[in-house]
Amino acid sequence: MNTIGIIKKGEYYDSITIMLIAKHISEMEGVADSAVVMGTKENKSMLASSGLMTPDIQPAGEMDLVVALKLNDGINAKFVLSKIDAVFKATKISDEGENFIPQSIDGAMNVLPDANMAMISVAGRYAGDVAMKSLQRGLHVMLFSDNVPIEKEIELKKFAREKNLFVMGPDCGTAILNGVPLAFANVVNRGNIGIVAASGTGLQEVTCLISNAGCGISQAIGTGGRDVKKEVGGIMFVEGMKALADDANTDVILLVSKPPATEVMEKIISVARGIQKPIVGVFLGASPELLKGSNIRQALTLEEAALLSVAHSKKENASVVIDALKKRETEIIKTAREEAAKLSPSQKYLRALYSGGTFCDEAQLLCQDVLGEVYSNIPFGSSKKLKDSWKSENYTILDLGDDEFTVGKPHPMIDYSTRNKRILAEAENPETAVILLDIVLGYGSNMNPLAEIIPVIKEVKRITEKQKRHLPIICSVTGTDKDPQNRTAVVTALGAEGVNVMESNAAASRLAVSIVSRKEK
Amino acid sequence: MNNLFQTELKVVNIGLKSFKETLDKQNVKSVHVDWRPPLFTDEKAMSIIKSNTGKIDAANKQALQKILNSKPFIVGMGKALDVVPSMKKNLLLHAGPPVTWEKMCGPMRGAVIGALIYEGIAGTPEKAEQVAASGQIEFSPCHEHSAVGPMAGIVSPSMPVFILQNEEYGDKAYCTMNEGLGKVLRYGAFSSDVIERLKWMEKILYPSLKRAVEKIGKIDLKNIIAQALQMGDEVHNRNRAATSLLYRTLAPAVLQTSDDKEIAASVLEFINRNDHFFLNLSMGASKISLDAARNIEYSSIVVVMARNGTEFGVQLSGTGDQWFTGPSPIPDALFFTGFTKEDANPDIGDSSITETAGLGGFAIASSPAIVQFVGGSTKDAINYTLKMYEITAAENNIYKIPYLNFRGTPTGIDVIKVVEKNILPFIDTGVAHKNAGVGQIGAGVLSAPAEPFVKALIGLANKIKSNKE
């Protein structure tokens, strides 16, 4: 043991700083015992009694700081002393703490008193209470959380309606308010088309298609999928319609949803009747006769809905849209014929692997008409349920965003790993005729999708070339060039790898179906 | 819809932090909430509380009015036996909720031993332990006798006490004189020098101060505390400014009423050398203000937080004299040379009455000199005070924090907010050695334990329910 002592002459430290320094020194490696004290008589006698006194520190006076150390054998005193110097320097009080982070709505309202929106993504069992608190403080609510009990949703929405506030959600993944994309949303042009949507990816698709067509969005209000069910009664869907009807910056209204409950649909139609603005509606899976006699122009795909809204926005005739889609269909058939010709006899089936739930639904609808027997983990329309979601059979259209694929993992729009594995498995399968994918850009999604998907596509090529097969990969990219990922960059890179990138999910689905059905013939 | 479309979007983000980062990238004004689940979610209790929100709010408003209107003054001094309610010769008052000799922690036992020696009831520590265990000595919380005591908080019959009066409501409160730092009775030390100091305080200090206080008439404690907060005290772990202000008030009167210069000088020097002399008075002032808010039906305001070194106890305005308790935690602390957390006793003392009144840890933004206790930066200290606004019902009208643009200190802990927001009161504290007889080994901070607050909320719900039936 080696006892050493140093005097820091005339250096005043308050007692707390000394305690702090002493703590640091006592924790240093090689220091067996230590003391940091002012050199008062009492302190020096304390040092002596604990065996820390050395002749060096004997002369210390009351205004001197004394550091006494007992070092383990073999420890370099000089090194320890230099470290102690550093400790003294580091204990100068700084003002570099963290800024205050409130722990409640009340606290947040103190920091930002004129806040008007609460974005809530806490666990579902608490989210309802947090949302209620927010409404009570006069905030509109975007409720990203899922697993909120339906009774709570109804309570929240009724309360909000009384107070003239929105409750978007629960399970509302996307919205664009006053030009601000919220949660999973894209950076789109502002414009005169207002949207109410009970479908997250549906909303993303239509906003992007509208923006990419040169038009823009005034407001895009999400309601959460359950809003149009009988129990909730479309409270926020209807409130959203009314708000857009009253909004001076909205000239066209677009409604996006799966088919609502009958009474809710009736309510929507009746509210629409009182609105003077053109209204387009896409209710995926509904009969084409659904809106007969109403003033809502029905579209059968998200793309058609977006383009019809664009036509209204530009004050063009709807026939422009019909003509354009017809022309595009001709091109699809041509491409499909070419691709089908390259397939080998074993390749029969479509394998669609989606990250967007609404895209999965839309693809099923578009495939059922042509292919008949379609399987899915989330069957929609006439589809059948897969026996095992991890094994494709026949024509398979999968939603990889469903809970059974995401346990303990981020959503497939963020984490591509589960889908990437599945892509490779389908590529290995000689029965696979087409792989159909979606890539969703925007805030909330993976910021570098190319790094995730390109290596897999290269691997698919390696596999299929080795087995002397041609496997078309068809993909839609939901996004805009203003998104942080930049849609053009993503499309170009995918194109360079031979992926057939289509402008919408409807177009991609049509192409995929056409290839497979042509192969059949 | 409420003009939302015409207003700039300003977002409160609760949950995923990445959403806030996205908003930042788009230059949207937003604030992130570090949300956590409530301390408990007993549907029954919470629904009783929720369905009585109006009454609870009104009761709390009344409670806060009483706390804020209170005017604590020193009005005199006396012997505990003569002035403290229900004091008697075989009674020792102690800090915190009720505790038996068997359950007392080391420093509390040490202080009891010291007090029995001081009172002449026992001649030796061994004898004192026998007496304490024999059942002939009664123990009772200070708080049940209008008194407060720091650390072990022992008040014995012969001890002199300050008499405080609430000039607004007339109530009285009592506290002992502070002995100083280091090896002292309140930290559980009982060696002969500790007893001698107590005797000196009784025979020399007390008569001198009693005469001085009589000469002055009354001393405005609220005024001293308000000034001290602007001079770097939070009047719990730092009382240097308040002690100085009190000293300035007392000194002329001590001299004027003393026949003996040496004695007068020794009295003034004792106060001068003890930065914590004011602590007991800031506690007394807090106690008397909070007592004014007791027994207001439906009120969820905390009127007592106190620790006996074994348990942490809470009392609410709306639940009468009922204690809600849970195990007392060990503080995070800076330790004197030679001591570590291993040596520390669980938190002890009535001094958390200062936090209950919106001082101490709640006012730590006022006290940059002691920020080393809370992480070393002044911002940390400010954040602790800001956080306490989340769980309090009001901002103090007199006690102001210079750095926060003279915002009033967070005052009146609302147990409902504590439980719902899962934010526990933040307390400055001294640390006693866990063994009897050693004394103080450090100082630091801690968050109050959750259990007493959860129990208190359930207690309030039950009380409201039974009132209605």
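Just so you know, these numbers come straight off a predicted model, no measurement behind them.

About the cut-offs
Residues numbered from 1 in each chain as written. Chains lettered and ligands numbered in written order. Predicted model: local features only at pLDDT ≥ 70, side-chain atom pairs only at ≥ 80, totals over all residues. Helix = DSSP H or I, 4+ residues; strand = E, 2+ residues; numbered from the N terminus. Rg over C-alpha atoms; globule rule 2.2 N^0.38 Å. Buried ≥ 20, exposed ≤ 12 C-beta atoms within 10 Å, placed from the backbone. Contact = placed C-beta atoms within 7 Å. Pairing = 2+ DSSP bridges. Nonpolar A, V, L, I, M, F, W, Y, C, P; charged D, E, K, R; others polar. Core = buried A, V, L, I, M, F, W, Y, C linked by C-beta atoms within 7 Å. Expected span 1.5 Å × (residues − 1). Domains from an automatic or database assignment. Axes fitted to C-alpha atoms, helices over the stretch in contact; angles between N-to-C directions. Arc of directions from axis to C-beta.

### Details of the overall build of chain A
Scanning chain A for helices and strands turns up 17 helices and 20 strands. On C-alpha atoms alone, chain A measures out to a radius of gyration of 33 Å, which is more than a quarter above the 24 Å that the 2.2 N^0.38 rule sets for 521 residues. Each of the 521 residues in chain A was classed as buried or not, and the buried ones make up 50%. Across chain A, the fraction of contacts at a sequence separation of at least 24, relative to all contacts at a separation of at least 6, is 69%.

### With respect to the pairing of strand β16 (residues 407-413) of chain B
Residues and elements named next belong to chain B. Counting buried residues in β16 gives five out of seven residues, a clear majority hidden from the surface. As defined by bridge partners, strand β15 (residues 392-401) adjoins β16 across five bridges and the pair is classed as antiparallel. The residue bridging I401 from the neighbouring strand is R407, located in β16. Hairpin geometry of β15 and β16 is characterised by an intervening segment of five residues between the two adjacent antiparallel strands and by a positive phi of about 55° at N405.

### Remarks on the interface of chain A and chain B
For an interface, size is often stated in terms of accessible area lost upon the parts coming together. Contacts between the two partners involve 55 residues from chain A and, on the opposite side, 49 residues from chain B. At the level of elements, α1 (15-26), β2 (31-38), α4 (105-111), β4 (117-120), α5 (124-136) and β8 (180-183) of chain A are the ones that each hand at least two residues to the side of chain A that touches chain B. Along the lines of polarity and charge, the residues of the side of chain A that touches chain B split into 32 nonpolar, 15 polar and eight charged.

### As for the nonpolar core
Residues V112(B), V161(B), I225(B), V415(B) and L457(B) are the most contacted members of the largest nonpolar core, which totals 172 residues. Ignoring anything within four residues of it in the chain, the contact list for V161(B) reads M77(B), G78(B), A80(B), V83(B), V84(B), V155(B), Y174(B), C175(B) and T176(B).

### Here's the deal with helix α12 (residues 357-371) of chain A
Residue and element names in this part refer to chain A. Spanning 15 residues, α12 covers 20 Å between terminal C-alpha atoms, matching the ideal 21 Å at 1.5 Å per step. Within α12, eleven of the 15 residues are buried, which leaves it mostly tucked inside the rest of the structure. Those residues of α12 that sit buried are G357, T358, F359, C360, D361, E362, A363, Q364, L365, L366 and C367. Looking one or two residues past α12, G372 carries a phi angle of roughly 80°, positive in sign.

### Considering the domain arrangement of chain A
As far as domains go, chain A holds domain 1 (2-90), domain 2 (172-316) and domain 3 (323-520). Taking only C-alpha atoms into account, the centre of domain 1 of chain A sits 70 Å from that of domain 3 of chain A.

### What to know about the domain arrangement of chain B
Residues and elements named next belong to chain B. Segmenting chain B into domains produces domain 1 (4-33), domain 2 (43-64 + 294-468) and domain 3 (72-284). Relative to domain 3, the C-alpha centre of domain 2 lies at a distance of 23 Å. Contacts between the two partners involve 46 residues from domain 2, matched on the other side by 47 residues from domain 3. Counting only elements with at least two residues in the side of domain 2 that touches domain 3, the list comes to β10 (302-308), β11 (311-316), β14 (348-349), α12 (353-356), β15, β17 (426-432) and β18 (440-447).

### Points about the sheet that holds strand β1 (residues 2-8) of chain A
Residue and element names in this part refer to chain A. Here three strands make up an open sheet; going across it, the order is β1-β3-β2 and the pairing antiparallel. Strand pairing shows two members of the sheet lacking a second neighbour, β1 and β2, which therefore form its edges. With direction set aside, neighbouring strand axes in the sheet form an average angle of 10°.

### Quick word on helix α14 (residues 417-428) of chain A
Residue and element names in this part refer to chain A. Between its first and last C-alpha, α14 extends 17 Å over twelve residues, near the 16 Å set by a 1.5 Å rise per residue. Buried within α14 are the following residues: R419, R422, I423, E426 and A427. The buried side chains of α14 occupy one side of the element, clustering within an arc of 140° when seen end-on. Away from the buried face of α14 by more than 90 degrees, exposed residues S417, K421 and E428 are located. Looking at the buried side of α14, the elements it contacts are β14 (349-354), β18 (432-440) and α15 (449-466).

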